[in-house]
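Coordinates in review
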Amino acid sequence: MSNQAWHDLLVTAAPAGILGLIVGVASGLVQARYGSWLGWLKGVLSAVLVAVFVGLGINDSGLGTATQAAIVGICAFVGADILDGILQLSSILRADPIGFMRRVGGAIRGISKE
């Protein structure tokens, strides 16, 4: 990657990461959900990670800066829950890949087998 590409990536990811850090620290102080310093650190890091990925994803969406910041902030607030859901989905996929894809395809088409 060229220096300009790295610069563009940093200019996009840094504000989202800082917003994720602020939201992660604030939610860790307000909510009593983590129980220990290590759990709190996990919550802050997951908020930063989700904020950076969401910030990179919606950068070229055409939304205003305030709207993008609001979306990044909300996603950072539920960052630990988002990552926990992705980990659970990946463990289900690892256990039964064909069944998982059938359930996903059925859910997209609106078919329920329960």
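It should be noted that the structure appears before, not after, this text.
Residues numbered from 1 in each chain as written. Predicted model: local features only at pLDDT ≥ 70, side-chain atom pairs only at ≥ 80, totals over all residues. Heavy atoms only, no water.

1. Looking at the overall build of the protein
In plain terms, the rule: Helix and strand definitions here come from DSSP, where helices need a minimum of 4 consecutive H or I residues and strands a minimum of 2 consecutive E residues; each element is numbered from the N-terminal end. A simple rule labels every residue: compare its accessible area, found with a 1.4 Å probe on the protein chains alone, to the largest value its type can have, and call it buried under 20%, exposed over 50%, or partly exposed in between.
Scanning the protein for helices and strands turns up five helices and zero strands. Listing the helices and strands of the protein from first to last along the sequence gives α-α-α-α-α. Over its C-alpha atoms, taken along the principal directions, the protein stretches across nearly 45 × 40 × 25 Å. Taken over 114 residues, the protein has a buried fraction of 27%.

2. Regarding the side chain of Gln 68
Using the following cut-off: Polar contact is the term for a pair of N or O atoms within 3.5 Å; when the atoms are in protein, one must be able to donate a hydrogen and the other to accept it, and sequence-neighboring residues count only if both atoms are side-chain atoms. Residues are treated as being in contact if the distance between any of their heavy atoms lies within 4.5 Å.
Note on placement: Gln 68 falls in helix α3 (residues 65-77). On the basis of relative accessibility, which here comes to 16%, the residue Gln 68 falls in the buried class. Here the side chain of Gln 68 touches Asn 59 through a polar contact of 3.4 Å, landing on its backbone oxygen. Once residues lying within four places of it in the same chain are set aside, the contact partners of Gln 68 are Ile 58, Asn 59, Ser 61 and Leu 63.

3. Observations concerning the packing of helix α2 (residues 37-57) against helix α4 (residues 79-95)
Working note: a packed helix pair is described by the angle between its axes plus the distance between those axes. Our working definition: Axis lines are fitted to C-alpha atoms, over the contacting stretch for helices. Their N-to-C directions set the angle, which ranges from 0 to 180 degrees. Geometric relationships in this document are graded by angle, where less than 35 degrees denotes roughly parallel, more than 145 denotes roughly antiparallel, 65 to 115 denotes roughly perpendicular, and other angles denote oblique. Think of it as three bins: nonpolar holds Ala, Val, Leu, Ile, Met, Phe, Trp, Tyr, Cys and Pro, charged holds Asp, Glu, Lys and Arg, and polar takes everything else, Gly as well.
Where α2 contacts α4, the two axes come as close as 8 Å, and the packing angle between them is 80°. Compared by their axis directions, α2 and α4 come out roughly perpendicular. Packed against α2, whose contacting residues are Lys 42, Ser 46, Leu 49 and Val 50, the element α4 presents Gly 79, Ala 80, Ile 82, Leu 83 and Asp 84 at the interface. Among the residues forming the contact of α2 with α4, the class breakdown is five nonpolar, two polar and two charged.

4. Here's the deal with the side chain of Thr 12
When you line up the elements, Thr 12 lands in helix α1 (residues 3-30). Overall, Thr 12 belongs to the buried group, its relative accessible area being 18%. Residues within four places of Thr 12 in sequence aside, it is in contact with Gly 55, Leu 56 and Asn 59.

5. A closer look at a nonpolar patch on the surface
Stated precisely, the cut-off is as follows: A patch consists of residues whose relative accessible area exceeds 30% and which take part in no salt bridge; residues with like charges are grouped when within 9 Å of each other, and nonpolar side chains (Val, Leu, Ile, Met, Phe, Trp, Tyr) when within 5 Å. Working definition of accessibility: Shrake-Rupley area with a 1.4 Å probe, residue cover restricted to the visible protein chains. Salt bridges are identified by distance alone: a Lys or Arg side-chain nitrogen within 4 Å of an Asp or Glu carboxyl oxygen.
Together, Met 1, Trp 6, Leu 9, Leu 49, Phe 53 and Leu 56 make up an exposed nonpolar region whose accessible area comes to about 630 Å². Residue assignment for the nonpolar patch shows that the elements contributing at least two residues are α1 and α2. Using a relative accessible area of 55% as the deciding quantity, one classes Phe 53 as exposed.

6. What about α2?
Quick reminder of the rule: Expected helix span is computed as 1.5 Å times (number of residues minus one).
Here α2 is 21 residues long and its end C-alpha atoms lie 30 Å apart, about the 30 Å a rise of 1.5 Å per residue gives. Listed as buried for α2 are Gly 39, Gly 43, Val 44, Ser 46, Ala 47, Val 50, Ala 51, Val 52, Val 54 and Gly 55. Where the residues of α2 are buried, they touch α1, α3 and α4.

Function cannot be inferred from these measures alone, as they are strictly geometric.
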